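Single-letter residue listing:
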Amino acid sequence: MVEIVPSILSADFARLADEIAKVERGGASMLHVDVMDGHFVENITLGPPVVESIRKCTNLRLDCHLMIEDPQKYAPEFVKAGANSVSVHYEAARHLDGTLNHIRQLGARAGVVLNPATPVSVLENVVEVADYVLFMSVNPGFGGQKFIPYVLDKVRQLDEIRRQKKLPLAIEIDGGVNRENLAEVVRAGCDWIVTGSFIFHSPDPTATVRDLRGIAAEAFAVRC
């Protein structure tokens, strides 16, 4: 089952509850929440209090992507605020194994994020600890960027690894996914498809989510 995961980074924060309701009506079951600290990436977004507020207005699963320094320090705060899954960057986590295990002990799913230029090989000793891997298909920090095609080669590599090892590992992708490249992204092996501006900047986010879910389902049927 492929998930279309709207990223609220592109939503209208003045009407966030209404924006979330729109994608929920379209069939979304999970929201992507980008957390940026102005250090690991240049942009600054939100923290645990906003996640806690979002939790109060929706029952959708919250997928928090921590683009921050010291993720091992702050990840537990996002779980406590209501996140169902928390991902941390390989490039930022000094104690990746411990951080992933701590997130899981707190009751959330734990993910590893790889920047576009970071090879899949770095996951060799941690792939069985993570619940999912998030591939950045743009350089992290800002929404609305163009998709980096070579990231799909990395997706295919990891898909082959999880097949060989028979791992219940989800593969997530974030950045530049739209109607034109969605089918290829799903066929490459992605299960959670994050997209923000394509959904929230469309005339009808509800219809856009439905449309993307239909395309993803057809592509997944071919993949299987």
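None of the values given here were measured: they were computed from a predicted structure.

1. A short note on the overall build of the protein chain
Next up, step 1: Scanning the protein chain from terminus to terminus reveals eight helices and eight strands.
Next up, step 2: At 16 Å, the protein chain has a C-alpha radius of gyration in line with the 17 Å of a compact globule built from 224 residues.
Next up, step 3: The burial tally for the protein chain puts 56% of its 224 residues in the buried class.
Next up, step 4: Of the contacts formed within the protein chain by residues at least 6 apart in sequence, a portion of 65% connects residues at least 24 apart.
Next up, step 5: With the model as given, the accessible surface of the protein chain reaches about 10000 Å², and the carbon-plus-sulfur share is 49%.
Next up, step 6: Across the protein chain, 23 positive and 29 negative side-chain charges occur, with their mean positions spaced 4 Å apart.

2. Section: the environment of His-32
Next up, step 1: The residue His-32 is located in strand E2 (residues 30–36) in this model.
Next up, step 2: In sequence terms His-32 and Cys-57 are 25 residues apart; their C-alpha atoms lie 15 Å from each other.
Next up, step 3: Beyond its immediate sequence surroundings of up to four residues, His-32 is in contact with Val-5, Pro-6, Ser-7, Ile-8, Asp-63, His-65, Leu-134, Glu-172, Asp-174 and Val-194.
Next up, step 4: In terms of polar contacts, His-32 uses its side chain to reach the side chain of Asp-174, at 3.3 Å.

3. Here we look at the pattern of salt bridges
Next up, step 1: Summed over all chains, the structure comprises 14 salt bridges.
Next up, step 2: One salt bridge in this structure joins Glu-19 and Arg-15, with 3.7 Å as the shortest N-O distance.
Next up, step 3: Relative accessible area serves as the criterion here: at 37%, Arg-15 is assigned to the partly exposed category.
Next up, step 4: Asp-131 is paired through a salt bridge with Arg-104; the nearest N and O atoms lie 3.5 Å apart. Of the two residues, Asp-131 sits in the loop between strand E5 (109–114) and strand E6 (132–136) while Arg-104 sits in helix H4 (residues 96–105), which places them 27 residues apart along the sequence.

4. Some words on the environment of Lys-73
Next up, step 1: The topology assignment puts Lys-73 in helix H3 (residues 71–81).
Next up, step 2: Classification of Lys-73 as exposed rests on a relative accessible area of 54%.
Next up, step 3: Taking C-alpha positions, Lys-73 is 9.8 Å from Ala-93, a pair spaced 20 residues apart along the chain.

The rules we used
Residues numbered from 1 in each chain as written. Predicted model: local features only at pLDDT ≥ 70, side-chain atom pairs only at ≥ 80, totals over all residues. Heavy atoms only, no water. Helix = DSSP H or I, 4+ residues; strand = E, 2+ residues; numbered from the N terminus. Rg over C-alpha atoms; globule rule 2.2 N^0.38 Å. Buried < 20%, exposed > 50% of the residue type's maximum accessible area, 1.4 Å probe, protein only. Contact = heavy atoms within 4.5 Å. Areas by Shrake-Rupley, 256 points an atom, 1.4 Å probe, with all protein chains shown as cover. Lys, Arg positive; Asp, Glu negative; His and termini not counted. Charge placed at Lys NZ, Arg CZ, Asp CG, Glu CD. Polar contact = N/O pair within 3.5 Å; in protein donor to acceptor, adjacent residues only side chain to side chain. Salt bridge = Lys/Arg side-chain N within 4 Å of Asp/Glu carboxyl O.

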